[in-house]
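Spelled out from the first residue to the last, the chains are:
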Amino acid sequence: MVKVFIDPAYFSTGLFILNEKTSKFSFDAVVCEGDSLKSYENYLHKADIVSNMVVKRIAHYNPIEVYVEIPPPIGHTSAGLYGLSFLLVTRLKSQGYRVFAIPTQLVYNFQKKYYQSKKHKDRLYIALDLFKQQRILNNGITFDGIMHLENNIDTATAYLFYVFSNERIKTDKKFKLKEI
């Protein structure tokens, strides 16, 4: 089964892809240049463009399950990101994918617990550290697109969604990501 974890963003959406059958990890990013977000109208226009680009990109991986970050309802970027996540989820579901919500707090809580850090920018370093540990344990897993992990905080966050959701499931038997 192929699973895709997505950290939606207007300029660089991070993707982490896991093919459980072949034991292959892939890191990818969907970069959308262009329009600034200086007006509210630009948010909807850009969300439309980005969500279409993401759906087209992940079709290449032929996933069955897609995990998408759903931002909290309040916060300085929440309204704009909520619109992007909503359009993305709607398009993914229309393509027949099983879509699961990833709460934003999942990464924040584990980042704070294991790395004593609350800073968003630290996610890149944390992801690289965890990836290096995974690489040491290898177990026949192959990797593709590592440059996206090394250079993109959104791809790093998508990878952390995978790592920390699995960790949460192991440590809390009642925890389950909700299908949308």
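Residues numbered from 1 in each chain as written. Predicted model: local features only at pLDDT ≥ 70, side-chain atom pairs only at ≥ 80, totals over all residues. Heavy atoms only, no water.

Visitor: Looking at this structure, I do not really get the side chain of D7. What am I missing?
Guide: Residue position: D7 is located in strand 1 (residues 2-7). On the basis of relative accessible area, D7 is assigned to the buried category, the value being 4%. Every residue in contact with D7, bar those within four places of it in the chain, is listed here: S12, T13, G14, E69, D154, T157, A158 and F161. (Helix = DSSP H or I, 4+ residues; strand = E, 2+ residues; numbered from the N terminus. Buried < 20%, exposed > 50% of the residue type's maximum accessible area, 1.4 Å probe, protein only. Contact = heavy atoms within 4.5 Å.)

Visitor: What am I meant to see in helix 6 (residues 153-171) here?
Guide: Owing to its 3.6 residues per turn, the α-helix aligns residues three or four sequence positions apart on the same side. Its 19 residues place the ends of helix 6 26 Å apart at the C-alpha level, agreeing with the 27 Å of an ideal helix rising 1.5 Å per residue. Taken together, the buried positions of helix 6 are D154, T155, A156, T157, A158, Y159, L160, F161, Y162, V163, F164 and S165. (Expected span 1.5 Å × (residues − 1).)

Visitor: Explain the packing of aromatic side chains here, please?
Guide: The relative placement of two aromatic rings is captured by the distance of their centres and the angle of their planes. Inspection of the entire model under this criterion finds 12 aromatic pairs. Here the aromatic rings of Y10 and Y43 are separated by 5.4 Å at their centres, their planes lie at 90°, and the arrangement is edge-to-face. Here Y10 is found in the loop between strand 1 and strand 2 (12-19), whereas its partner Y43 is found in helix 1 (residues 40-59), with 33 residues between them in sequence. According to the relative accessible area criterion, Y10 is buried, its value standing at 6%. Taken together through their ring pairs, the aromatic side chains of F5, F16, F25, F27, Y67, F100, Y159 and Y162 make up a single cluster. (Phe/Tyr/Trp six-rings, centres within 6.5 Å; stacked < 30°, edge-to-face > 60°.)

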